[in-house]
Amino acid sequence: MKHWLEGVSQLFLIAFRNLLTHSRRSLLLGGAIAGVTTLLVFLGCLSSGVKATMIESATTVATGHLNIGGFYKVTAGQSAPLVTDYKKIEEIIAKTLPDLDYLTARGRGWARLVSATDSTQVGIAGVDIAHEPRLPKVIKMEEGKLEDLAKPGSILLFESLAQKLKVKTGDSLVFSVLTDRGVNNTVDVRVCGVAKDMGMMTSFNVFIPQETLNQLYQINDSATGAILVYLKNMNHIPRDMDLLRKALTGAGYTVMDREADKVFWQKFDEVNREEWTGQKLDITTWEDEISWAMWGLKGVDGLSYLLTTILLVIIAVGIMNTLWIAIRERTREIGTLRAIGMRRRAVLTMFVMEAFCLGAMGTATGALLGSLLAVILDTLHFPMPPGAEMFLMSTTFHFALDPIRILGGASIITLCCTLVSLIPSFKAARMRPITAMSRVG
Amino acid sequence: MPQHAEKTAIVSIQKVVKEYHLDKVVVPALRGVSLTVRQGDFLSIVGPSGSGKTTLLNLIGCVDTATRGTVMVDGQDTKGLNDRQLTDLRLHTLGFIFQSFNLVPVLSVFQNVEFPLLLQRKFTAAERAQRVDELLKKVGLDKHTQHRPSELSGGQRQRVAIARALVTRPKIVLADEPTANLDSVTGENIIDLMKEMNEEEKTTFIFSTHDAKVMSHANSVIRLADGKIAAGKAAAGRH
Ligand SMILES: Nc1ncnc2c1ncn2[C@@H]1O[C@H](COP(=O)(O)OP(=O)(O)O)[C@@H](O)[C@H]1O
Ligand SMILES: [Mg+2]
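About the cut-offs
Residues numbered from 1 in each chain as written. Chains lettered and ligands numbered in written order. Predicted model: local features only at pLDDT ≥ 70, side-chain atom pairs only at ≥ 80, totals over all residues. Heavy atoms only, no water. Helix = DSSP H or I, 4+ residues; strand = E, 2+ residues; numbered from the N terminus. Contact = heavy atoms within 4.5 Å. Domains from an automatic or database assignment. Expected span 1.5 Å × (residues − 1). Buried < 20%, exposed > 50% of the residue type's maximum accessible area, 1.4 Å probe, protein only. Pairing = 2+ DSSP bridges. Phe/Tyr/Trp six-rings, centres within 6.5 Å; stacked < 30°, edge-to-face > 60°. Lys NZ or Arg CZ within 6 Å of the ring centre and 35° of its normal. Axes fitted to C-alpha atoms, helices over the stretch in contact; angles between N-to-C directions. Parallel < 35°, antiparallel > 145°, perpendicular 65-115°, else oblique. Left-handed = near helix turned anticlockwise from the far one by under 90°. Nonpolar A, V, L, I, M, F, W, Y, C, P; charged D, E, K, R; others polar.

### Quick word on the side chain of B:Thr93
Then comes step 1: Summarising the element assignment, B:Thr93 is placed in helix α2 (residues 83-93).
Then comes step 2: For B:Thr93, the contacting residues outside a window of four places in its chain are B:Asp74, B:Pro170, B:Lys171 and B:Ile172.

Below, the structure is given as structure tokens:
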């Protein structure tokens, strides 16, 4: 083992010094590898940043870490996103989850919001602000007071929506909705405050008191839209989901089968088509509830993988080409080493090592540059162009360093460089020792 | 063993024919060569250009195989060995000195000489250093251990090559025109050095040359012409 290591480290030295000897060639190729890595890491940081923004705004506006929602059907073809008699369920949750941080009930709605000049469809969260410890921590007020959301008939909206509807604190708005009974119902509300935007989701979601929402939909106060569960540790989500499912089923509730990556409003059609009536519960994760907004993120990821793949192919050709040249130049050296007793496998190792060194140094540089670029741009808070806002669900560019993603990307690129070098290296290993011999004279 | 050493055949070649195929033309390089080399010999192969010297050395050096006939090196028929076995035979039994030195340009003098020992994987770093230093002292390069080959003169490079060929203490050292790229004085010094090693270590040397001055140092000479051994062995006699 020790002898093997000494041998390999000498091969490494040869490989490394050969890279240094041909500095121009190495710089060019290593630079290209670094460039691709920079791009991949940079886009990865963008994706991580967007995701972080999205999680923050989603877990504020739309979802808990886990949600116990569900559907209530009076007739087979008509469902409402309701959990009836929710206090009992809250008790079960509190008893079941060991690492529960807190839970809160929220009404869910989707209605037309009309101002003096404009109108738009918005998602509504009906909240009991006294039982929402997270909201005061994450929502930053532009004007007005968050606590005023305790008053019935108040509404909190976010900057971009307030601009769109041209309203300020104190202005009146009207909600208009078609109830289950097929009646058009309206409720007047007054703006109690305007909060700073938090990603795209806040531009079409508003908060009103739970009782105002119940009034709008004409439902009784023992019902809510969903119970949002916040955990102390997000890693326990899968385990806690199972615990809740068992506990609720055990208590006699019907719990719907899990449908990953579907938000509750994507389930209406299917629920309406089913025959049952009464209450069914549905346990979802935050990821399920915001998956519909993830397409932009998937787009960024897809784009960065596509770009990286194309560039990697180009680099692969470059590496092969460079190694061909190196092998041609060093034919005599390879022959000599074979003649004095070097095995084929060692020749292979020597050239693969050269590509590995180049790849590792290139990707390390690239990962560093990409991360640096991301960190610098993150502090500048660039606003997103209007088209990108909707696509990335964010209003400013936010970058986050995800070490696993950066290391993973760099390793894959290094691996590709190394793998592709196997082809010319095998050829070098098959070279005959006689090529070392001089045929002159 | 010491008494019989002189009689032991270390290389034995029987009716060897080597043909090269160029497109459809067959080029005969060796046309029935038989030869025995004894352990401790200092043997010179001479002959005009194209007479088959390199070809013969390549066959003995296990870097090429004969078209017909047998080549026995250190008691092994090279025809029956696979690439791995031939490689190991070269590593442990043979040493090579090349006409154009063929050192690894990116390694230092010390590292070049040490390299075959690393390939053998049986010596500690201290053992390797001791052997390398000892040899570099013998070839007069103990002041140049950290130099790169490109910083040395031709004669110095060939000394490094000699040290590299001898560092594994091989039974046979093969040298194809080791002096062809050197001026005559340097060339003679190189041959003197080889001769010294031959006498001290009892290493068998087989080298080719077409320089009359160089061949005069040999204690036996084989003359090749047109792929055949010309005159009988002109033994220079042992002292
Ligand atoms: N690889 C080869 N392919 C074809 N012909 C070769 C090859 N190597 C040597 N020859 C031919 O074989 C003959 C002997 O060559 P060589 O052994 O190199 O002679 P020397 O070393 O005495 O000059 C020459 O005619 C040469 O042209
Ligand atoms: Mg020759």
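### Brief notes about the domain arrangement of chain A
Then comes step 1: Split by domain assignment, chain A resolves into domain 1 (2-56 + 293-438) and domain 2 (65-289).
Then comes step 2: Placing the centre of domain 1 of chain A and that of domain 2 of chain A at their C-alpha centroids yields a distance of 47 Å.

### Notes on helix α12 (residues 344-380) of chain A
Then comes step 1: With 37 residues, α12(A) ought to run about 54 Å at 1.5 Å a step, and its terminal C-alpha atoms sit 54 Å apart, in line with that.
Then comes step 2: Directly after α12(A), the chain includes A:His381, whose backbone phi takes a positive value near 50°.

### As for the pairing of strand β1 (residues 66-75) of chain A
Residues and elements named next belong to chain A.
Then comes step 1: Burial of β1 is extensive: 7 of the 10 residues sit out of reach of the surface.
Then comes step 2: In this sheet, strand β11 (residues 278-285) lies alongside β1 in antiparallel orientation, the contact comprising 8 bridges. Residue pairing in the sheet places Lys73 in a bridge with Gly278 of β11.
Then comes step 3: Relative to strand β10 (residues 226-231), β1 runs antiparallel, the two sharing 3 bridges. Looking across to β10, one finds that Ile68 is bridged to Ile227.
Then comes step 4: Both β1 and strand β2 (residues 78-80) contribute to a ladder of 3 bridges, which runs antiparallel. If you follow Lys73 over to β2, its bridge partner there is Ser79.
Then comes step 5: The antiparallel pairing of β1 with β2 creates a hairpin that spans 2 residues between the two strands.

### Considerations on the packing of aromatic side chains
Remark: the centre distance and the inter-plane angle together describe each pair of aromatic rings, the angle taken between the planes.
All names here are of chain A.
Then comes step 1: Scanning all chains against the criterion turns up 12 aromatic pairs over all chains.
Then comes step 2: Taken together, a centroid distance of 6.1 Å and an interplanar angle of 55° make the contact between Phe204 and Trp292 tilted. Taken as a pair, Phe204 in the loop between β8 (184-195) and β9 (205-209) and Trp292 in the loop between α9 (286-290) and α10 (295-329) lie far apart in primary sequence, 88 residues in all.
Then comes step 3: By relative accessible area, Trp292 is classed as partly exposed at 22%.
Then comes step 4: With centroids separated by 6.3 Å and ring planes inclined at 15°, the aromatic side chains of Phe397 and Phe399 adopt a geometry described as stacked.
Then comes step 5: Sitting over the ring of Phe264, Arg108 keeps its end group 4.0 Å from the ring centre.

### Observations concerning unusual backbone geometry
Then comes step 1: Positive phi is not limited to glycine here, since A:Asp85 has a value of about 50°.
Then comes step 2: Topologically, A:Asp85 is positioned in the loop between β2 and α3 (86-96).
Then comes step 3: Relative accessible area serves as the criterion here: at 38%, A:Asp85 is assigned to the partly exposed category.
Then comes step 4: Although it is not a glycine, B:Arg169 sits at a positive phi angle of roughly 50°.
Then comes step 5: By the element assignment, B:Arg169 lies in the loop between α5 (154-166) and β7 (172-176).
Then comes step 6: B:Arg169 sits in the partly exposed class, given a relative accessible area of 48%.

### Observations concerning the sheet that holds strand β1 (residues 9-22) of chain B
Residue and element names in this part refer to chain B.
Then comes step 1: What the 4 strands build is an open sheet, ordered β2-β1-β4-β5; its pairing is antiparallel. Edge positions in the open sheet fall to β2 (25-38) and β5 (76-77), since each of these has one partner strand only.
Then comes step 2: Pairing between β1 and β2: 11 bridges, direction antiparallel. Paired with Glu19 across the bridge in β2 is Pro28.

### What to know about the packing of α12(A) against helix α14 (residues 403-429) of chain A
Residue and element names in this part refer to chain A.
Then comes step 1: Interaxial distance between α12 and α14 falls to 7 Å at its minimum, and their mutual angle equals 155°. Between α12 and α14, the angle is such that the two are roughly antiparallel. Relative to α14, the crossing made by α12 is right-handed. Side by side, α12 and α14 meet where Arg344, Val347, Leu348, Phe351, Val352, Ala355, Phe356, Gly359, Ala360, Thr363, Ala367 and Ser371 of the first sit next to Ile406, Ala410, Ile413, Thr414, Cys417, Thr418, Ser421, Leu422, Ser425, Phe426, Ala428 and Ala429 of the second.
Then comes step 2: Of the residues assigned to the contact of α12 with α14, the class counts are 16 nonpolar, 7 polar and 1 charged.

### Brief notes about the pairing of β8(A)
Residue and element names in this part refer to chain A.
Then comes step 1: Relative to β8, strand β5 (residues 141-144) runs antiparallel, the two sharing 3 bridges. Residue Met141 lies in a different strand from β8, and its bridge partner there is Ala195.
Then comes step 2: In this structure, strand β6 (residues 154-158) lies alongside β8, joined through 5 bridges in parallel fashion. What sits directly across from Ser154, in β8, is Arg190.
Then comes step 3: Of the pairings in the sheet, the one linking strand β7 (residues 172-178) to β8 comprises 7 bridges and is antiparallel in character. Along β8, the bridge assignment pairs Ser172 with Arg190.

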